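# Observations on the three-dimensional arrangement
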Amino acid sequence: MTSASGRETTQEGAAQLTDWLASLVHNHQYGDLAQLRRVTAGTAAGIRAGWYAPREDSREVYEQVAFLFAVYHRGVGRPTRGFGSLGAAARRIGRPGGRGPEDPGAVRLVDRIVASRRIPWRHLQHAITRLRACEQQPPSWTELVIDLDQWNDRKARIAYSWAVDFHAPAGEGRKTSPKGSST
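First, a word on what this report is: a plain description of the structure on this page. Since the model is a prediction, treat every value here as computed from it, not as a measurement.

### Observations regarding the packing of helix 6 (residues 104–114) against helix 9 (residues 158–167)
- Remark: helix 6 packs on helix 9, axes separated minimally by 9 Å, with the N-to-C direction vectors making an angle of 165°. Taken together, the axis directions place helix 6 and helix 9 in an arrangement best described as roughly antiparallel. For the pair helix 6 and helix 9, the crossing hand works out as left-handed. For the pair helix 6 and helix 9, the contacting residues are A106, V107, V110, D111, I113 and V114 in the first and A159, W162, A163, F166 and H167 in the second.
- Looking at the contact of helix 6 with helix 9, its residues break down into 9 nonpolar, 1 polar and 1 charged.

Printed below as a string of structure tokens:
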């Protein structure tokens, strides 16, 4: 995804997906959320998540991010849209006094994620599960869709950006706000 209009289309679809997912939690549609957590392909909710993809080759990203959203929101009564990149979110993994780069488990997890040539779905699931276990905010779901849609774009350098966000001193890295917008 290199064109500005392509990125805008992806951003629009990603924002619509996030809105839909948040509405599932807000409206207590636990059956649909449970369907999204099923690993088997072809559930109605999973297919619906793919509808938000602007291109057929992006469907898997949208469906898998919906899965990650549902994993994070299992048993949660209020939706959270998250903020920042996955690298910035991984800085929140750990315990007080030892989060992010100070937590060896978080460092190993981020190292495995950013070293992957293909989208590392299992490691991403582990990161989301760790964030939930630590009672920390997830990454921006919208930004996660956009980043993963560009995972193989060498110019976008998503893995590198996540590593920078994870290892950067507090307040550094990609410029993001708590609402999840990126500049």
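### Concerning the packing of aromatic side chains
- Tallying each qualifying case throughout the model produces 4 aromatic pairs.
- Residues F69 and W141 carry aromatic rings whose centres are separated by 5.4 Å and whose planes lie at 70° to one another, so their mutual orientation is edge-to-face. With a gap of 72 residues between them, F69 in helix 4 (residues 59–72) and W141 in helix 8 (residues 141–149) connect regions that are remote in the sequence.
- Looking at W141, the relative accessible area reads 0%, which means it is buried.

### Here's the deal with helix 2 (residues 30–37)
- Among the residues making up helix 2, those that are buried are L33, L36 and R37. Across the axial projection of helix 2, the buried residues extend over an arc of 100°, all falling on one side.

### Regarding the side chain of Q136
- One can find Q136 in the loop between helix 7 (121–133) and helix 8.
- When residues no more than four places from it in sequence are discounted, the contact partners of Q136 are Y72, R92, R99 and L131.

### Section: unusual backbone geometry
- With phi around 55°, H28 is a residue other than glycine that occupies positive phi space.
- Taking the relative accessible area as the measure of exposure, H28 reaches 45% and is therefore partly exposed.
- Even without a glycine there, the phi angle at E135 is positive, about 55°.
- You can see E135 is positioned in the loop between helix 7 and helix 8.

### Focus: the environment of L33
- Inspection of the secondary structure puts L33 in helix 2.
- Under the relative-accessibility criterion, L33 is labelled buried at 2%.
- Sequence-wise, L33 and R74 are 41 residues apart; in three dimensions their C-alpha atoms are separated by 7.7 Å.
- The residues touching L33, leaving out its near neighbours within four places in the chain, are L24, V25, F69 and A70.

About the cut-offs
Residues numbered from 1 in each chain as written. Predicted model: local features only at pLDDT ≥ 70, side-chain atom pairs only at ≥ 80, totals over all residues. Heavy atoms only, no water. Axes fitted to C-alpha atoms, helices over the stretch in contact; angles between N-to-C directions. Helix = DSSP H or I, 4+ residues; strand = E, 2+ residues; numbered from the N terminus. Parallel < 35°, antiparallel > 145°, perpendicular 65-115°, else oblique. Left-handed = near helix turned anticlockwise from the far one by under 90°. Contact = heavy atoms within 4.5 Å. Nonpolar A, V, L, I, M, F, W, Y, C, P; charged D, E, K, R; others polar. Phe/Tyr/Trp six-rings, centres within 6.5 Å; stacked < 30°, edge-to-face > 60°. Buried < 20%, exposed > 50% of the residue type's maximum accessible area, 1.4 Å probe, protein only. Arc of directions from axis to C-beta.

By themselves, these are just geometric observations and shouldn't be taken as functional.
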